[in-house]
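# Observations on the three-dimensional arrangement
What follows is each chain in one-letter form.
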Amino acid sequence: KAGVTQTPRYLIKTRGQQVTLSCSPISGHRSVSWYQQTPGQGLQFLFEYFSETQRNKGNFPGRFSGRQFSNSRSEMNVSTLELGDSALYLCASSLSPGGMNTEAFFGQGTRLTVV
Amino acid sequence: QQPVQSPQAVILREGEDAVINCSSSKALYSVHWYRQKHGEAPIFLMILLKGGEQKGHDKISASFNEKKQQSSLYLTASQLSYSGTYFCGTEPPGNTGKLIFGQGTTLQVKP
C-alpha cells in the first residue's frame, strides 16, 4: 500500500513569489491535513480537508490556502512568500477526521526555503 | 491552545523506562502520540479516546485522564530505536480533524 506522497520534496523560492505544494493521500483516505514544522514553533496546524471541504483552519494568514480534489489529493498554496515561511510542510492523511480511525499517516514533507 | 509536554528532553540507557507527559488547559476528545526521527516523517504510536478506547502499538502504552486533561506515554525497557522526538496531539471535542501538537519531547537512548 503506497504511503502519503508529497511533491516536490525541496523548493527554493524568492520573497514575494507564490508556491503550490501537492499531497496524494493513502488510497481510500478522505481526510487530509497540512502542518507547518519549524524548529521554533514545532508542528503547527494549517488546515484539514474532508471530502473536498475545508473543515478546520489554523491561525495562519490568508496567504495560506488549500483545496482538495474529488480523488482526495490536496494542494496548498502560499502567496507573497515571506522569509518566515521557510519550513517543512507536512501533509497527513487519515481514513476519517474523527474517532478511532483518525490515526494520521504523514508524508515526507516539502522543505520550502524562501530567500 | 497548544498542549504542554514534559520533560522537554530525556536521556536514557538501553533498558531504562521513561514517561512523557502531555497536558492541556482545554477539554479533550482524544490524545494522539507520534514519534519523529531526524529527517523523517512523524509516525503514529497511539490514539486514546475519551471513554477509554485506545489503539496503538503493543510495546508502548499510554494513559488518558479526561478529568485532568492529561495523557502520559510510557516507554518501558527502552531500545536504541526509541530515540526521536515524541509529540502529543490533542483534539478538542466537536472539532474533529484538527490536531494541536505539543512542542515535543526529545528522547535519546544510549547503549
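Residues numbered from 1 in each chain as written. Chains lettered and ligands numbered in written order. Predicted model: local features only at pLDDT ≥ 70, side-chain atom pairs only at ≥ 80, totals over all residues. Heavy atoms only, no water.

### Some thoughts on the pairing of strand S3 (residues 18–23) of chain B
All names here are of chain B. Worth spelling out the cut-off: Only protein chains enter the area calculation, which uses a 1.4 Å probe; residues under 20% of their type maximum are buried, those over 50% are exposed, and those in between are partly exposed. Helix and strand assignments follow DSSP, with helices taken as H or I runs no shorter than four residues and strands as E runs no shorter than two, numbered in order from the N terminus. Following DSSP output, two strands are said to pair if at least two bridges run between them.
Side chains Ala 18, Ile 20 and Cys 22 of S3 all project onto a buried face; the interleaved residues Val 19, Asn 21 and Ser 23 project onto a face where none is buried. Here three bridges tie strand S1 (residues 4–6) to S3, and the two strands are oriented antiparallel to one another. Opposite Val 4, over in S3, you have Ser 23 as the bridge partner. Pairing of S3 with strand S8 (residues 70–75), which is carried by six bridges, proceeds in the antiparallel orientation. From the neighbouring strand, Cys 22 faces S8, where its bridge partner is Ser 71.

### Brief notes about the state of the cysteines
Rule in force here: Disulfide assignment relies on a single distance test, namely cysteine sulfur atoms paired within 2.5 Å.
Applying the stated criterion to the full structure yields two disulfides over all chains. Disulfide pairing places Cys 23 of chain A opposite Cys 91 of chain A at an S-S distance of 1.7 Å. Taking the torsion about the sulfur-sulfur bond, which here is approximately -45°, the covalent link between Cys 23 of chain A and Cys 91 of chain A counts as left-handed. In this pair, Cys 23 of chain A is assigned in strand S3 (residues 19–24) and Cys 91 of chain A in strand S9 (residues 87–94), connecting sequence segments 68 residues apart. Of the residues examined, Cys 91 of chain A reaches a relative accessible area of 0% and is grouped as buried. Disulfide partner of Cys 22 of chain B: Cys 88 of chain B, at an S-S distance of 2.0 Å. The sign of the S-S torsion, about 70°, decides the handedness of the disulfide formed by Cys 22 of chain B and Cys 88 of chain B: right-handed. Pair noted here: Cys 22 of chain B is in strand S3 and Cys 88 of chain B is in strand S9 (residues 84–91), with a separation of 66 residues, a long-range link.

### Side note on the packing of aromatic side chains
Selection criterion: Centres within 6.5 Å make a pair out of two Phe, Tyr or Trp rings, where for Trp the six-membered ring is used; the pair is then stacked when the planes are under 30 degrees apart, edge-to-face when over 60, and tilted otherwise.
Within the structure shown, the criterion is met by 10 aromatic pairs over all chains. Residues Phe 47 of chain A and Tyr 49 of chain A carry aromatic rings whose centres are separated by 5.8 Å and whose planes lie at 65° to one another, so their mutual orientation is edge-to-face. A relative accessible area of 0% places Phe 47 of chain A in the buried class. Take Tyr 49 of chain A: its relative accessible area is 3%, and that puts it in the buried class. Each member of the aromatic cluster is reached from another via a ring pair, and the members are Tyr 35, Phe 45 and Phe 106 of chain A together with Tyr 34, Phe 44, Phe 87 and Phe 101 of chain B.

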